[in-house]
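Breakdown of the fold
Take a look at the letters that make up each chain.
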Amino acid sequence: MPQIVPARIRAALLGMALAFGLSACGINNVPTLQEQAKSAWSEVQNQYQRRADLIPNLVETVKGYAQQEREVLTQVTEARAKASQIKVDASTVTDPEKFRQFQEAQGQLSGALGRLLATVERYPDLKSNSNFLALQSQLEGTENRIAVARRDYIETVRAYNTEIRTIPGRWIAAFMYPDAKPMETFSATAGSDRPPEVKF
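Report follows, based on the coordinates. Quick caveat, the model's predicted, so the values are computed rather than measured.

Examining the overall build of the chain
Secondary structure summary: the chain contains 7 helices and 0 strands in total. Of the regular secondary structure in the chain, the N- to C-terminal order runs α-α-α-α-α-α-α. The 200 residues of the chain split such that 32% are buried. Summed over all atoms, the accessible surface of the chain reaches about 12,300 Å², with 56% contributed by carbon and sulfur.

Structural notes on the packing of aromatic side chains
In the structure shown here, the tally under the stated rule is 8 aromatic pairs. Consider the rings of tryptophan 41 and phenylalanine 99, whose centres lie 5.5 Å apart with planes at 35 degrees: the pair is tilted. Linking tryptophan 41 in helix H2 (residues 29-65) with phenylalanine 99 in helix H4 (residues 96-119), this pair joins segments that are 58 residues apart in sequence. The exposure classification of tryptophan 41 matches that of phenylalanine 99, with both residues buried. Between the aromatic rings of tryptophan 41 and phenylalanine 102, the centroid separation amounts to 5.1 Å while the plane-to-plane angle is 65 degrees, which identifies the pairing as edge-to-face. Within this pair, whereas tryptophan 41 is found in helix H2, its partner phenylalanine 102 is found in helix H4, the two being separated by 61 residues in sequence. The two residues tryptophan 41 and phenylalanine 102 agree in class, both being buried. Members of the aromatic cluster, connected to one another through ring pairs, are Trp41, Tyr48, Phe99, Phe102, Tyr153 and Phe186. One cation-aromatic arrangement involves arginine 150 over phenylalanine 186; the distance from NZ or CZ to the ring centre is 4.0 Å.

A short note on the nonpolar core
The biggest cluster of nonpolar side chains holds 23 residues, and the ones touching the most others in it are Val30, Trp41, Val44, Tyr153, Tyr160, Met183 and Phe186. When residues of this core are traced back to their parent elements, those giving at least two are H2, H4, helix H6 (130-165) and helix H7 (169-176). A total of 7 residues in this core trace back to one element, the largest contributor, which is H2. Once residues within four sequence positions are removed from consideration, valine 44 is found in contact with Ala149, Arg150, Tyr153 and Phe186. Membership of the second largest hydrophobic core comes to 22 residues, among which are Leu58, Ala83, Leu109 and Tyr123.

Regarding the packing of H6 against H7
Interhelical geometry of H6 versus H7 gives an angle of 80 degrees and a closest axis separation of 5 Å. For the element pair H6 / H7, the angle class is roughly perpendicular. Contact residues: Glu163, Ile164 and Arg165 in H6; Gly169, Arg170 and Ala173 in H7.

Focus on the environment of tyrosine 177
Looking at the secondary structure, you find tyrosine 177 in the segment after H7. Taking the C-alpha atoms as reference points, tyrosine 177 and proline 31, separated by 146 residues in sequence, lie 8.0 Å from one another. Residues within four places of tyrosine 177 in sequence aside, it is in contact with Ile27, Asn28, Val30, Pro31 and Ile172.

Thoughts on unusual backbone geometry
Following isoleucine 167, the chain continues to proline 168 via a peptide bond in cis, the omega torsion being 10 degrees. Residue placement: proline 168 occurs in the loop between H6 and H7.

A few points about the environment of tyrosine 65
The topology assignment puts tyrosine 65 in helix H2. Judged by its relative accessible area of 36%, tyrosine 65 is partly exposed. Among all residues touching tyrosine 65, those that are not within four sequence positions of it are Tyr123, Asp125, Leu126 and Asn129. A distance of 2.9 Å separates polar atoms of two side chains, one belonging to tyrosine 65 and the other to asparagine 129.

Some words on the pattern of salt bridges
The final tally for this structure, using the stated rule, is 8 salt bridges. Residue glutamate 35 pairs with lysine 38 through a salt bridge whose shortest N-O separation is 3.7 Å. One end of the pair is glutamate 35 and the other is lysine 38, both in helix H2 and 3 residues apart, which spans about a single turn. A relative accessible area of 30% means that lysine 38 is categorised as partly exposed.

Rules used throughout
- Residues numbered from 1 in each chain as written.
- Predicted model: local features only at pLDDT ≥ 70, side-chain atom pairs only at ≥ 80, totals over all residues.
- Heavy atoms only, no water.
- Helix = DSSP H or I, 4+ residues; strand = E, 2+ residues; numbered from the N terminus.
- Buried < 20%, exposed > 50% of the residue type's maximum accessible area, 1.4 Å probe, protein only.
- Areas by Shrake-Rupley, 256 points an atom, 1.4 Å probe, with all protein chains shown as cover.
- Phe/Tyr/Trp six-rings, centres within 6.5 Å; stacked < 30°, edge-to-face > 60°.
- Lys NZ or Arg CZ within 6 Å of the ring centre and 35° of its normal.
- Core = buried A, V, L, I, M, F, W, Y, C linked by side-chain atoms within 4.5 Å.
- Contact = heavy atoms within 4.5 Å.
- Axes fitted to C-alpha atoms, helices over the stretch in contact; angles between N-to-C directions.
- Parallel < 35°, antiparallel > 145°, perpendicular 65-115°, else oblique.
- Polar contact = N/O pair within 3.5 Å; in protein donor to acceptor, adjacent residues only side chain to side chain.
- Salt bridge = Lys/Arg side-chain N within 4 Å of Asp/Glu carboxyl O.

Written out as structure tokens, the structure reads:
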């Protein structure tokens, strides 16, 4: 009987050492970083949805003051509709074409919103309207949140992509997580370095 107890203790100690060794070797890094990147992607989507939800109120407020700006208002509404039609899910971040379509649609919406806000400069009464000021403030806050969410997503994707492309993470991913693919990251939209054009 005395030999059984030490054998059990040895087995328990060996099990604990094995568990500690596996956790310390980084075997869980790939799924952990992947989940962090997916979470960051969800936050990006959340902020884009918040912006999309604010747009109808903004358009209606501007429409009351600037009926003649139908073209700009229509562009914003159409860009919002197009951005809302792009179906995004977890697979979007590993599919370059879907990701490009999503980013392009959001870029078009950002451009249309920029033109709308620049157009508003022609309407001093609108600029002092409390509803418009509140919506503009919320929209600016949302744009800042989008920038932060995108920055956080880019950082988590960088960590994840680095893990699955470097050793030992590359070996671990190939052996334990063969479905782990590199994730896409944001890039600047063409023309985003220039302010929107407004013709008076």
